[in-house]
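# Reading the structure
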Amino acid sequence: MRDISVRSLGFFWGLPRLMVIGMLIAYRKVVSPLYGPVCRFYPSCSAYALEAVTVHGAVRGIALGSRRLVRCNPWNDGGVDPVPAGSRSFPPGKTPWIVVLNHPVIPADDESRPAA
Amino acid sequence: MGFFGTILAPFRWLVSWIMFMFHEGFTFIGMNPASGWTWVLSIVGLVVIIRAALIPVFVKQIKAQRGMQALQPDLRKLQQKYKGKTDQLSRQAMTQEQMALYKKHGTNPFAACLPIIIQMPFFFALFNVLNGISRASAEGATIGALSVESVRQFDNATIFGAPLSSTFLGSFGAGGNLSVIILSLVMILAMTASQFITQKQIMARNMSEEALQSPFMRQQKIMLYILPLVFGIGGINFPIGVLVYWTTTNLWTMVQQFYVIRKMPTPGSPAAKALAERRAKKGLPPAPLLGERKAEPAVESAPPVRAQRVQPQRKKRKKR
């Protein structure tokens, strides 16, 4: 009995996060392709926001995402800007896809020169 | 007022205030305040304000695109490294390395999200204002900075017999209005044509060979055919006033692009060649182009430094 209430509480606690994730995924599938890649950062603003909400939850995730959007202006040089590590840990093999996508393994260069 | 209404409120106020100010100005110089044309010109004024404010962004973007030429060798090396690796994660890795490269060179060809996002609320706000004008007029309410009287005037304003707040889809059947239908169609065509011409101009005249072959171009070509569709769908749903805004913005983009192509073309593009020829005909030296490699001036400035006599050398020594 207690277990069920704890679990349903957990579900409602996680609901805002799921809703924001759904909205972000819909945006990335429908709106984003309309105007192609425009972001000056890696990961792109929407990918950053999606990872931030997935890893940090709705409140901190939205705050992180908004901060990134403001930084994504023509007077910022852009570049690689990963989401700060969060407290949520995922069991091996269950890492969310967006986290995998945003942290690809960079293959070593063929020539022996320091990576750019 | 819902969530979006609350966010839009300040933008709605600003948009309506700018239009109101233009309307006052045009009335002051003797135009009929009740005429649809005065209101159309007020919308055009709004476009001019917004687009003029965005010019620095545009210039910044052009400079960044020109800065790209310096890192072409590095980019090619990167493309070589990822050649044949088409899976999603490899693409992501490549994008990440590319971004790091841009950052290192302090240039970035992307326009950034903010300028696009910033324009959205203005567009929605205008849509909101024009869409709400009929109801506000009937209720005797104000919209943003527009007084009750202005709202009523705006609601009754027509051009060619088409009310500014009417839509294509709302103009069929009983009480229909043929001029709204014709005017909407004309503006949809104008928007599509200007978009098409702008894109074609950029691709045909203002791109170097290298840029034309980038994967980026494929996306641009797809856009060329999707956007007319967007204009068509939007055009039949949006009020005439919004279409005026949209068409004017597109025309602005087209003229801006023409100017850039004529006065500061991309080095190595057909337009750059045309500019050099025009200047040669007038007997002018070729103009320095934005982002051009500075190799030639360096060579020219070299000889005067060599004041010392060059040591004569035996010819045999050179042929080693």
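Residues numbered from 1 in each chain as written. Chains lettered and ligands numbered in written order. Predicted model: local features only at pLDDT ≥ 70, side-chain atom pairs only at ≥ 80, totals over all residues. Heavy atoms only, no water.

The name an unreviewed UniProt entry assigns to chain B is Membrane protein insertase YidC, from the organism Arthrobacter echini. Under the heading Sequence similarities (unreviewed entry), UniProt records this for chain B: "Belongs to the OXA1/ALB3/YidC family. Type 1 subfamily." Chain B has a UniProt comment under Subunit (unreviewed entry) that states "Interacts with the Sec translocase complex via SecD. Specifically interacts with transmembrane segments of nascent integral membrane proteins during membrane integration." (UniProt positions renumbered as here; feature names shortened; annotations may be inferred.)

Moving on: the overall build of chain B. Counting its regular elements, chain B contains 15 helices and 2 strands. Residue burial in chain B is summarised as follows: out of 320 residues, 41% are buried. Taking the contacts inside chain B whose residues are at least 6 apart along the sequence as the reference set, 66% of them involve residues at least 24 apart. Approximately 18700 Å² of chain B is accessible, and the part contributed by carbon and sulfur atoms is 63%. (Helix = DSSP H or I, 4+ residues; strand = E, 2+ residues; numbered from the N terminus. Buried < 20%, exposed > 50% of the residue type's maximum accessible area, 1.4 Å probe, protein only. Contact = heavy atoms within 4.5 Å. Areas by Shrake-Rupley, 256 points an atom, 1.4 Å probe, with all protein chains shown as cover.)

To continue, consider the side chain of B:Ser16. Residues and elements named next belong to chain B. Inspection of the secondary structure assignment puts Ser-16 in helix 1 (residues 3-28). Ser-16 sits in the buried class, given a relative accessible area of 0%. Of note is the side chain of Ser-16, whose polar atom sits 2.9 Å from the backbone oxygen of Trp-13. Among all residues touching Ser-16, those that are not within four sequence positions of it are Ile-143, Gly-144, Ala-145 and Leu-146. (Polar contact = N/O pair within 3.5 Å; in protein donor to acceptor, adjacent residues only side chain to side chain.)

The next point concerns the confidence of the model for chain B. Residues and elements named next belong to chain B. Averaged over all residues, the pLDDT of chain B is 77; the fraction at 70 or higher stands at 81%. Of all secondary-structure elements in chain B, the lowest mean pLDDT belongs to helix 13 (residues 295-300), at 43, while helix 2 (residues 36-53) reaches the highest, 87. Here residues 294-305 is modelled with pLDDT under 50, and outside its nearest four sequence neighbours on either side it reaches 0 contacts, counting other chains as well. Scoring the predicted complex yields pTM 0.70 and, for the interface, ipTM 0.78. (pLDDT = per-residue confidence, 0-100.)

Let's shift gears to the interface of chain B and chain A. Of the residues lining the interface, 35 residues belong to chain B; the matching set on chain A comes to 33 residues. For the pair chain B and chain A, the interface holds 3 residue pairs in polar contact (both at pLDDT 80 or more). For the side of chain B that touches chain A, the secondary structure elements donating two or more residues are helix 3 (55-67), helix 4 (72-81), helix 5 (88-105), helix 6 (113-139) and helix 10 (216-237) of chain B. A per-element tally of the side of chain B that touches chain A places helix 5 of chain B first, with 12 residues. In terms of residue class, the side of chain B that touches chain A is built from 21 nonpolar, 7 polar and 7 charged. (Nonpolar A, V, L, I, M, F, W, Y, C, P; charged D, E, K, R; others polar.)

Looking now at unusual backbone geometry. A:Pro43 follows A:Tyr42 through a cis peptide bond whose omega is -10°. Along the chain, A:Pro43 falls in the loop between strand 1 (41-42) and helix 3 (45-56).

Another point: the packing of aromatic side chains. Residue and element names in this part refer to chain B. Overall, the coordinates contain 11 aromatic pairs over all chains when judged by the stated rule. Ring plane angle 85° and centroid distance 5.2 Å describe the contact between Phe-11 and Phe-122, whose orientation is recorded as edge-to-face. Of this pair, Phe-11 sits in helix 1 while Phe-122 sits in helix 6, placing them 111 residues apart in sequence. With relative accessibility at 25%, the residue Phe-11 sits in the partly exposed group. A residue is classified by how much of its surface remains accessible, and Phe-122, at 16% relative accessible area, is buried. (Phe/Tyr/Trp six-rings, centres within 6.5 Å; stacked < 30°, edge-to-face > 60°.)

Another aspect to go through is a nonpolar patch on the surface. On the surface, a cluster of nonpolar side chains totalling about 380 Å² of accessible area is made up of B:Trp13, B:Leu14, B:Trp17 and B:Met21. You can call B:Leu14 partly exposed: its relative accessible area is 34%. (Patch = residues over 30% accessible without salt bridge, like charges linked within 9 Å, V, L, I, M, F, W, Y side chains within 5 Å. Salt bridge = Lys/Arg side-chain N within 4 Å of Asp/Glu carboxyl O.)

How two helices pack is summed up by the angle between their axes together with the distance between the axes. Residue and element names in this part refer to chain B. Taken N-terminus to C-terminus, the directions of helix 3 and helix 11 (residues 240-263) make an angle of 45°; their axes are 13 Å apart at the nearest point. The angle between helix 3 and helix 11 places the two elements in the oblique class. Note that helix 3 runs across helix 11; the crossing there is right-handed. Residues Ile-55, Phe-58, Ile-62 and Arg-66 of helix 3 touch helix 11, and the partners they reach there are Trp-252, Gln-256, Gln-257 and Val-260. The class makeup of the residues in the contact of helix 3 with helix 11 is 5 nonpolar, 2 polar and 1 charged. (Axes fitted to C-alpha atoms, helices over the stretch in contact; angles between N-to-C directions. Parallel < 35°, antiparallel > 145°, perpendicular 65-115°, else oblique. Left-handed = near helix turned anticlockwise from the far one by under 90°.)

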